[in-house]
Amino acid sequence: LSNMGERKVLNKYFPPDFDPSKIPRTKKADLNPNFVVRMMLPMSVRCMTCGEYMYKGKKFNSRKEDVEGPEGEYLGIKIFRFYFKCITCSAEFTIKTDPKNMDYAVEGGAKANFVPYKDEEKQRQEQLDAREASEKD
């Protein structure tokens, strides 16, 4: 007879002496908080080891972890760290979330490329701050 019908069986056979309490269960706290996520680079970066440019939108399998300690949270928002590997030399670089500026920050192993519109926004904000300070005087 064929084995194809056996694949579709939903209830499996349990022997009469089966005891489900003897099956070892892992607790959620024991699970590794590092896990692999497939994500795109949030910004263009340059590897500090080999000088390779990796552009925004390049897909990577990265490791994600929670940032520990006092800098692990900003106004109740969790901060995450992502570990990427360079496409050329496989050197590791890290990027973490920056909820204060609604952006990402490169921590090490790579350097973020210059983005002109961010510089314009920064200059505009500085001008507004200077104007407000002069109006208060």
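Refer to the structure printed above.
Note that the coordinates shown come from a computational prediction; the quantities given were computed from them, not determined experimentally.

A. Geometry of the pattern of salt bridges. Applying the stated criterion across every chain yields a total of 5 salt bridges. Taking the shortest distance from any N to any O, the salt bridge between R63 and E92 comes out at 2.9 Å. Separated by 29 residues along the polypeptide, R63 in strand β4 (residues 59-66) and E92 in strand β8 (residues 92-98) bring together distant segments of the chain. The class of R63 is partly exposed, set by a relative accessible area of 31%. The salt bridge partner of K96 is E107, with a shortest N-O separation of 3.8 Å. One end of the pair, K96, is in strand β8; the other, E107, is in strand β9 (residues 103-108), and 11 residues separate them in sequence. For E107, a relative accessible area of 37% corresponds to the partly exposed category. Put simply, E65, R81, K96 and E107 are held in one network by salt bridges that share partners.

B. How the structure looks around the sheet that holds β4. Pairing within the open sheet is antiparallel, and its 5 strands lie in the order β1-β4-β7-β8-β9. Each edge of the open sheet is held by one strand with a lone partner, namely β1 (35-40) and β9. Within the sheet, the average angular offset between the axes of one strand and its neighbour, ignoring direction, is 35°. As paired elements, β1 and β4 share 6 bridges and run antiparallel to each other. Within β4, the residue paired with M39 across the bridge is F60.

C. Here's a closer look at the nonpolar core. In this structure, L41, V45, M54, F84 and F93 are the most contacted members of the largest nonpolar core, which totals 14 residues. Counting residues per element, the ones that place at least two in this core are β2 (45-47), β7 (80-85) and β8. In this view, V45 contacts E52, Y53, M54, F93, V106, A110, K111, A112 and N113; residues no more than four positions away in its chain are not counted.

D. Region of interest: the environment of K59. You can see K59 is positioned in strand β4. Residue K59 is classed as partly exposed on the basis of its relative accessible area of 45%. For the pair K59 and R38, spaced 21 residues apart in sequence, the C-alpha to C-alpha distance is 6.9 Å. Setting aside residues no more than four positions away along its own chain, K59 makes contact with R38, M39 and M40.

E. A look at a nonpolar patch on the surface. On the surface, F14, F18 and I23 cluster together into a nonpolar patch covering about 290 Å² of accessible area. Taking the relative accessible area as the measure of exposure, F18 reaches 36% and is therefore partly exposed.

F. The sheet that holds strand β10 (residues 110-112), seen in detail. Strand order across the open sheet formed by 3 strands is β3-β2-β10, with antiparallel pairing between neighbours. Strand pairing shows two members of the sheet lacking a second neighbour, β3 (53-54) and β10, which therefore form its edges. Where β2 lies against β10, 3 bridges are found, and the strand directions are antiparallel. Directly across from V45, in β10, lies its bridge partner A112.

What counts and what doesn't
Each residue is numbered by its place in its chain's sequence as written, counting from 1. For a predicted model such as this one, the threshold for reporting local features is a pLDDT of at least 70, and the threshold for listing and counting side-chain atom pairs is 80 or more; totals across whole chains, interfaces and linings nevertheless cover every residue. Values shown for side chains rest on all heavy atoms present in the structure; no hydrogens or waters enter the calculation. Salt-bridge detection follows one rule: a side-chain nitrogen of Lys or Arg within 4 Å of a carboxyl oxygen of Asp or Glu. Each helix is a run of H or I in the DSSP string that is no shorter than four residues. Each strand is a run of E no shorter than two, and both are numbered from the N terminus. Relative accessibility under 20% of the residue-type maximum defines a buried residue, over 50% an exposed one, and the middle range a partly exposed one, all with a 1.4 Å probe and only protein chains included. Think of it this way: DSSP has to see at least two bridges between two strands before they count as a pair. Helix axes use the C-alpha atoms of the stretch in contact, all axes being lines fitted to C-alpha atoms, and the angles between their N-to-C directions lie in the range 0 to 180 degrees. Nine residue types can take part in a nonpolar core, namely buried Ala, Val, Leu, Ile, Met, Phe, Trp, Tyr and Cys, and a core is a set of them joined through side-chain atoms within 4.5 Å. The contact definition used throughout considers only heavy atoms, calling two residues in contact when any of these lie within 4.5 Å. Think of a patch as exposed residues, more than 30% relative accessible area, with no salt bridge, where like charges cluster within 9 Å and nonpolar side chains (Val, Leu, Ile, Met, Phe, Trp, Tyr) cluster within 5 Å. Method for areas: the Shrake-Rupley scheme with a 1.4 Å probe, in which residue coverage is limited to the protein chains shown.

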